[in-house]
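Structural features, examined
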Amino acid sequence: MSLLDRISIDPEVVHGRPAIRGTRMRVTDVLSLLATGADEAEILEDYPYLTAEDIRACLAYAATRDGHRSTGVDGLA
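What you see is a predicted model, and the numbers here were worked out from it, not measured in a lab. (Residues numbered from 1 in each chain as written. Predicted model: local features only at pLDDT ≥ 70, side-chain atom pairs only at ≥ 80, totals over all residues. Heavy atoms only, no water.)

**Looking at the overall build of the protein**
Across its full length, the protein holds 3 helices and 2 strands. Reading the helices (α) and strands (β) of the protein from amino to carboxyl end gives β-β-α-α-α. In the protein, the proportion of contacts linking residues at least 24 apart, taken out of those at least 6 apart, comes to 42%. Here the protein displays about 4,900 Å² of accessible surface, and carbon together with sulfur accounts for 49% of that area. (Helix = DSSP H or I, 4+ residues; strand = E, 2+ residues; numbered from the N terminus. Contact = heavy atoms within 4.5 Å. Areas by Shrake-Rupley, 256 points an atom, 1.4 Å probe, with all protein chains shown as cover.)

Written out as C-alpha cells, the structure is:
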C-alpha cells in the first residue's frame, strides 16, 4: 500500500474532502495540527486511531496538490 492509498475522497465522508481512509479525520486537520506546532507524538496521543504513516500520507498528499513531486515516498515518483 502506498502512502497515498491511505487518503480517500468520498462524498459521504466529510463532504468529499480528502480524509484518512476509514476515519473522518481530514487531511487539512492533520496539516493544521502540524502547522501550529504539534509534533507526531502529540497527534498520535490525541488521536490514537491514527498512525505515523497516516501523518506522512497527509504530508505526501499535500505535496501532490501543489504539483510538487517528491522522491523516496511511497506512491510518489
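**As for the pattern of salt bridges**
Across all of its chains, the model carries 3 salt bridges by this definition. Linking arginine 26 and aspartate 29 is a salt bridge whose minimum nitrogen-to-oxygen distance equals 2.7 Å. Taking the shortest distance from any N to any O, the salt bridge between arginine 56 and glutamate 53 comes out at 3.3 Å. Residue arginine 56 and its partner glutamate 53 are both found in helix 3 (residues 52-65); the two are separated by 3 residues, about one turn of the helix. (Salt bridge = Lys/Arg side-chain N within 4 Å of Asp/Glu carboxyl O.)

**A few points about the environment of serine 8**
Among the structural elements, serine 8 can be located in strand 1 (residues 7-8). Look at serine 8 and you get buried, because its relative accessible area is 17%. Note: C-alpha distance between serine 8 and glycine 22 (14 residues apart in sequence) is 8.3 Å. Beyond its immediate stretch of four places on either side in the chain, serine 8 contacts Arg17, Pro18, Ala19 and Arg21. (Buried < 20%, exposed > 50% of the residue type's maximum accessible area, 1.4 Å probe, protein only.)

**Here we look at the packing of aromatic side chains**
Enumeration over the complete set of coordinates arrives at 1 aromatic pair. Taking the centre distance of 6.2 Å and the plane angle of 80° together, the rings of tyrosine 47 and tyrosine 49 count as edge-to-face. Its relative accessible area of 47% is what places tyrosine 49 among the partly exposed residues. Seen from the ring of tyrosine 61, arginine 65 lies directly overhead, with NZ or CZ sitting 4.5 Å from the centre. (Phe/Tyr/Trp six-rings, centres within 6.5 Å; stacked < 30°, edge-to-face > 60°. Lys NZ or Arg CZ within 6 Å of the ring centre and 35° of its normal.)

These values are about where atoms sit, not about what they do.
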